[in-house]
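Listed below are the residues making up each chain.
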Amino acid sequence: MTVPAEGIVGPAPVRRQRNPVLQSEAARGLSLISPTLIYAVIFLVVPILLVLANSFWTQHYLEIDRTFTLENYRVALTDPIYRDLLLRSLWISLLVSFFTVTLAYPIAYFISFHGGVHKGLWLFLITIPFWTSYLLRVMSWKVILGYNGVLNSTLMGLGLTDGPSDAFLYNTTAVVITLTHAWATFAVLPIFVSLEKIDRTLVEAATDLGDGPLRRFLRITLPLSVPGIISAVLIVMIPTVGDFVTPRLVGGKDGVMIANAIQAQFGKAANWPLGAALSVTTMAVVTAMAAFIVVTIRMAARRAR
Amino acid sequence: MPDRTIANRSMIEISRVTRSYGSFKALDETSLTIREGEFFSLLGPSGCGKTTLLRMIAGFDTPTSGSISIDGQPMDGVPANRRPTNMVFQSYAIFPHLNVEQNVCYGLKRLRLDAAEEKRRVEEALAQVSLTGLGKRGALELSGGQRQRVALARALVMRPKVLLLDEPLSALDKKLREQMQVELRRLQQAVGITFVLVTHDQYEALAMSDRIAVMFGGRIAQVASPKEIYQRPVNCQVADFLGGMNFVKAEIVEENGASMTLDTPGFGRVRTDKPAAFVRNGRAATLGIRPERLRVLWDDATDAHEVAGKVVDRHYFGEITHLVIEIPGFEKPLSVTETNNFGADDIPVGASIRLAYDPDALVALAD
Ligand SMILES: Nc1ncnc2c1ncn2[C@@H]1O[C@H](COP(=O)(O)OP(=O)(O)OP(=O)(O)O)[C@@H](O)[C@H]1O
Ligand SMILES: [Mg+2]
């Protein structure tokens, strides 16, 4: 920097410099997160890259031909079997997210607004069913919905049906019911958190300005809990698209989802590249749908004002 | 400031209201009448039940016993959203997902006015609080002072019979607070709505109110105009809460009707008004005098009423100086505030000094 030769020297223009302490702090921070970073790279980034790479290769019996090709994607996108499976998976996951959030919202609302001092206890009670294995819970729905199941015996006992019906199990509805039950708690939590964050004086202010219970819910509580609804939808929708245990156990022929097809390609059909291409396609479509849903909910919330 | 004539019609009648939490009484058999068009303040230390009382007027809380009526209508069982009151919350409670305009017309929406009328009222309310042109600002892009104004506009636009304000200025910095005190007062005079202000700041209450209720521990100690509260507090607690007060032990010589004669070692025999809440307890009583009602006597000046003592401490506050003066015969030293125009800031600690006092400034206080 040049120093003015004459006159009074004003305060020299100091450029904000990086504080060496901060720099070392940044370094320390990096070293602190590096185990996590390495972990994430090994268990997240590498597998995805492997899948991506596989999706451009070709399987020849036991060999893998590593020349670049888009053939797998052509099959994944145009073969009606896969297209239908993907659409059905998306539809099921949409239904599941919708029902889950619709069920979870009142629960979260009740705990947050009327849980009193026992909020923690209520949340704890809700998680109890989730101490048992996911498989067990799916199986229990089989017991409920099956031919000789609880539902059929109840209906017959009440005299509403003459004989057992096989209409309840092995179809899309059974998959939706089972998945909804399985994911309900995961939806309660984010909604609960967003409701907890709402300043209660805002609700009082709405009351003060003349709103009754329903109006203040629609105008204040609901719009302010939208972030919780969005994360609940995403938390439920994204994993359910890829679920293959539930459709396998309660889905029957109608309930098969894309993940079952992917699993088959990596297993019995032994066509890893096609399985990879199906996976990548599903990921892309789910991401697009998630983005679309986020935007839609936000817009709906804005419109509601 | 209270030069307007206020209608003698009562707007809020609070009769024997008690609010208990378990065995604890946040409000104890409180009765109070607030007049139409009045700027009324509830003043008291933290936890004395001001907010509790205000929330019961608003309908957010219900009395354990007793009743409240507003504008002649009993409010028992009337929910907050159907009361002719609006509230300015301490935290302002601005709706974060709405902009200024939407916040202000929040309550109007339900009235289903035609669009032009609604817009006119919103504009009017924004103008009243000097926020014209900020209608499209997001709620989160406002400064503390602006939020306060939005909260005010949002309540005023509803044209309530009573506006309730719970420590509306306490979150603002000193300068802004003083400015808002003046503005709030002017606004109240302009709209003529009954304002009920909760505050624990005695200067705020004195500067803004037509009348003040001073509360302690769930009870109202005194209801009067600012001047009377300041000059004629009913007891030591009220006197002490409203600025400094020198307390001097005195002996009751004579007591008749509305006045009494007290004897003190320093001030001699003093005849004063008997405070309303005075409860005689033997011959002992307390005499109070405000520090600014004592005057330093310079050089050879004399006064019909003077006491002599020694300066034991001195605190400089810019335009004034606090002197602490020990007087023979007094249990505690007297505090004196003197302007610095005559050099009170130069009086050395240890100096002998004479003070003049106005016997009319001496008040008898119930303990
Ligand atoms: N929900 C409640 N449960 C138990 N006690 C309460 C409850 N609400 C208020 N109180 C008690 O009632 C008393 C009066 O409370 P209030 O909020 O009216 O005080 P305040 O005069 O407004 O004080 P501050 O100036 O601190 O706001 C306090 O002692 C408080 O602890
Ligand atoms: Mg309070």
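Remember, predicted model here, so these are calculated numbers, not experimental data.

Comments concerning the site of ligand 1
Residue and element names in this part refer to chain B. Within the structure, ligand 1 sits among Tyr21, Phe24, Ala26, Ser46, Gly47, Cys48, Gly49, Lys50, Thr51, Thr52 and Glu167. Interatomic distance of 3.2 Å between a side-chain N/O atom of tyrosine 21 and a nitrogen atom of ligand 1. Residue threonine 52 places a side-chain N or O atom 2.5 Å away from an oxygen atom belonging to ligand 1. Relative to its unbound accessible surface of 640 Å², ligand 1 loses 60% to contact with the protein. The set of elements that each furnish at least two residues to the shell around ligand 1 consists of β2 (24-35) and α1 (50-58). With 3 residues, α1 is the largest single contributor of residues to the shell around ligand 1. Of the residues in the shell around ligand 1, the class split is 4 nonpolar, 5 polar and 2 charged.

Some points on the interface of chain B and chain A
A common way to express how large an interface is: the accessible area buried when the components associate. Each side of the interface is counted separately: chain B has 22 residues, and chain A has 19 residues. Here chain B and chain A share an interface that buries about 1,900 Å² over both sides, 58% of which is from carbon and sulfur atoms. Summed over the shared surface of chain B and chain A, the result is 1 salt bridge. With its nearest N and O atoms 2.6 Å apart, the salt bridge here joins arginine 55 of chain B to glutamate 204 of chain A. Inspection of the chain B/chain A interface yields 8 residue pairs in polar contact (both at pLDDT 80 or more). When residues in the side of chain B that touches chain A are grouped by element, the largest group, 3 residues, is from strand β6 (residues 85-88) of chain B.

As for the domain arrangement of chain B
All names here are of chain B. Assigned domains within chain B: domain 1 (10-236) and domain 2 (239-365). Using C-alpha coordinates to define each centre, domain 1 is positioned 37 Å away from domain 2. Overall, the association of domain 1 and domain 2 removes approximately 1,400 Å² of surface from exposure, summing both partners, and the carbon and sulfur fraction of that is 64%. It is Tyr230, Arg232 and Cys236 in domain 1 that bury the most area against domain 2; as a group they hold 43% of the surface buried on that side.

Notes on unusual backbone geometry
A positive phi is found at arginine 112 of chain B, a non-glycine position, where the angle reads about 50 degrees. Tracing the chain through its elements places arginine 112 of chain B in the loop between α2 (100-104) and α3 (115-128).

Brief notes about the packing of aromatic side chains
One pass over the full model with this rule turns up 17 aromatic pairs over all chains. Between tyrosine 109 of chain A and phenylalanine 113 of chain A, the aromatic rings sit 4.5 Å apart at their centres with planes inclined by 15 degrees, giving stacked as the arrangement. Residue tyrosine 109 of chain A and its partner phenylalanine 113 of chain A are located together in helix α3 (residues 80-114), separated by 4 residues, close to a single helical turn. On the basis of relative accessible area, tyrosine 109 of chain A is assigned to the partly exposed category, the value being 25%. Their ring planes at 85 degrees and their centres at 5.6 Å tell us that tyrosine 109 of chain A and phenylalanine 217 of chain A sit as a pair that is edge-to-face. Pair noted here: tyrosine 109 of chain A is in helix α3 and phenylalanine 217 of chain A is in helix α9 (residues 213-224), with a separation of 108 residues, a long-range link. Clustering of aromatic rings is evident, with ring pairs tying together Tyr105, Tyr109, Phe113 and Phe217 of chain A. Over the aromatic face of tryptophan 57 of chain A sits the side chain of arginine 66 of chain A, whose NZ or CZ is 4.7 Å from the ring centroid. Above the plane of the ring of tyrosine 230 of chain B lies arginine 290 of chain B, whose end atom (NZ or CZ) is 4.0 Å from the centre.

Parameters and conventions
- Residues numbered from 1 in each chain as written.
- Chains lettered and ligands numbered in written order.
- Predicted model: local features only at pLDDT ≥ 70, side-chain atom pairs only at ≥ 80, totals over all residues.
- Heavy atoms only, no water.
- Near = heavy atom within 4 Å.
- Polar contact = N/O pair within 3.5 Å; in protein donor to acceptor, adjacent residues only side chain to side chain.
- Areas by Shrake-Rupley, 256 points an atom, 1.4 Å probe, with all protein chains shown as cover.
- Helix = DSSP H or I, 4+ residues; strand = E, 2+ residues; numbered from the N terminus.
- Nonpolar A, V, L, I, M, F, W, Y, C, P; charged D, E, K, R; others polar.
- Contact = heavy atoms within 4.5 Å.
- Buried area = accessible area lost by both parts, 1.4 Å probe.
- Salt bridge = Lys/Arg side-chain N within 4 Å of Asp/Glu carboxyl O.
- Domains from an automatic or database assignment.
- Phe/Tyr/Trp six-rings, centres within 6.5 Å; stacked < 30°, edge-to-face > 60°.
- Buried < 20%, exposed > 50% of the residue type's maximum accessible area, 1.4 Å probe, protein only.
- Lys NZ or Arg CZ within 6 Å of the ring centre and 35° of its normal.

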